[in-house]
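One letter stands for each residue in the lines below.
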Amino acid sequence: LGSIFQLQRSGSGWIEKTLHSMQWADGAYTYSTPILDASGNLYGGNTGYCCYYGRYDGNVFVLNPAGDFSSIYAFPPQTGPYAGLTMDAAGNIYGTTPIGGAHNYGQVFKLTPAGGGWNYTSLHDFTGADGCDSSGKVILDANGNLYGTAYSCGSNGHGVVWEITP
């Protein structure tokens, strides 16, 4: 099911150190590139899985410097983030999902730290006509605008570049 690992320089080469071996209960299919916060916490996402081995939620997870792994937000199976996450200066996490959301064409989301937990906000649910299967990383500019890419499920079949302003 994969692992979270660290490469440590050793002489003229590298040594791989496993930080966490993924289990089904941790979520499944970790494709996203992890991000670090200022405290050394590592955040990533799982898309989730359904159905041969069971239903496993997708999620956004954190691995702290002590090695403790936990889910900070669970998505329904197969609807978790595929691409890497983005974090702003306030510690909010942004990401996309390739499916799920109100129309099942994916979504752009925000997770806000609050009182030891996280609040989820859907920033946009793709309709298919305005994009679908957003599997690229969210980019955040200095003004707080979010940018990303998605496939187009409309009649032209071309990709789209989207923007969300605060």
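Before any of the text, the structure's been laid out above.
Here's a quick rundown of the structure. All values reported here derive from a predicted model rather than from experimental measurement.

Rules used in this analysis
- Residues numbered from 1 in each chain as written.
- Predicted model: local features only at pLDDT ≥ 70, side-chain atom pairs only at ≥ 80, totals over all residues.
- Heavy atoms only, no water.
- Helix = DSSP H or I, 4+ residues; strand = E, 2+ residues; numbered from the N terminus.
- Rg over C-alpha atoms; globule rule 2.2 N^0.38 Å.
- Buried < 20%, exposed > 50% of the residue type's maximum accessible area, 1.4 Å probe, protein only.
- Contact = heavy atoms within 4.5 Å.
- Areas by Shrake-Rupley, 256 points an atom, 1.4 Å probe, with all protein chains shown as cover.
- Core = buried A, V, L, I, M, F, W, Y, C linked by side-chain atoms within 4.5 Å.
- Pairing = 2+ DSSP bridges.

## Focus: the overall build of the protein chain
For step 1, the next point in the chain: Looking only at helices and strands, the protein chain features zero helices and 14 strands.
For step 2, the next point in the chain: Ordered by position from the N terminus, the helices and strands of the protein chain form the series β-β-β-β-β-β-β-β-β-β-β-β-β-β.
For step 3, the next point in the chain: For a compact globule of 166 residues, the expected C-alpha radius of gyration is about 15 Å, and the protein chain comes in at 16 Å, within 12% of that figure.
For step 4, the next point in the chain: In terms of overall dimensions, the protein chain has a C-alpha envelope of 55 × 45 × 40 Å along the principal axes.
For step 5, the next point in the chain: Here the protein chain holds 166 residues, and the buried ones make up 39% of them.
For step 6, the next point in the chain: Within the protein chain, residue pairs in contact and separated by at least 24 positions form 31% of the contacts whose partners lie at least 6 positions apart.
For step 7, the next point in the chain: In the structure as shown, the protein chain presents an accessible area of about 8800 Å², 50% of it carried by carbon and sulfur atoms.

## Let's talk about the nonpolar core
For step 1, the next point in the chain: Membership of the largest hydrophobic core is limited to 10 residues, which are Ile-35, Tyr-43, Val-60, Val-62, Ile-72, Phe-75, Leu-85, Ile-93, Phe-109 and Leu-111.
For step 2, the next point in the chain: Contributing elements (two or more residues each) for this core: strand S6 (55–63), strand S7 (69–77) and strand S10 (107–114).
For step 3, the next point in the chain: If we skip the residues at most four places from it in the chain, Phe-75 touches Asp-57, Gly-58, Asn-59, Val-60, Gly-80, Pro-81, Thr-97, Gln-107, Phe-109 and Tyr-120.
For step 4, the next point in the chain: Formed by eight residues, the second largest nonpolar core is a distinct cluster that contains Phe-126, Val-138, Leu-146 and Trp-162.

## Considerations on the sheet that holds strand S9 (residues 93–97)
For step 1, the next point in the chain: Strand order in this open sheet of four strands is S8-S9-S10-S11, and the pairing throughout is antiparallel. The open sheet has two edge strands with one neighbour each: strand S8 (86–87) and strand S11 (117–125).
For step 2, the next point in the chain: Of the pairings in the sheet, the one linking S10 to S11 comprises eight bridges and is antiparallel in character. Note on S11: the bridge partner recorded for Val-108 is His-124.

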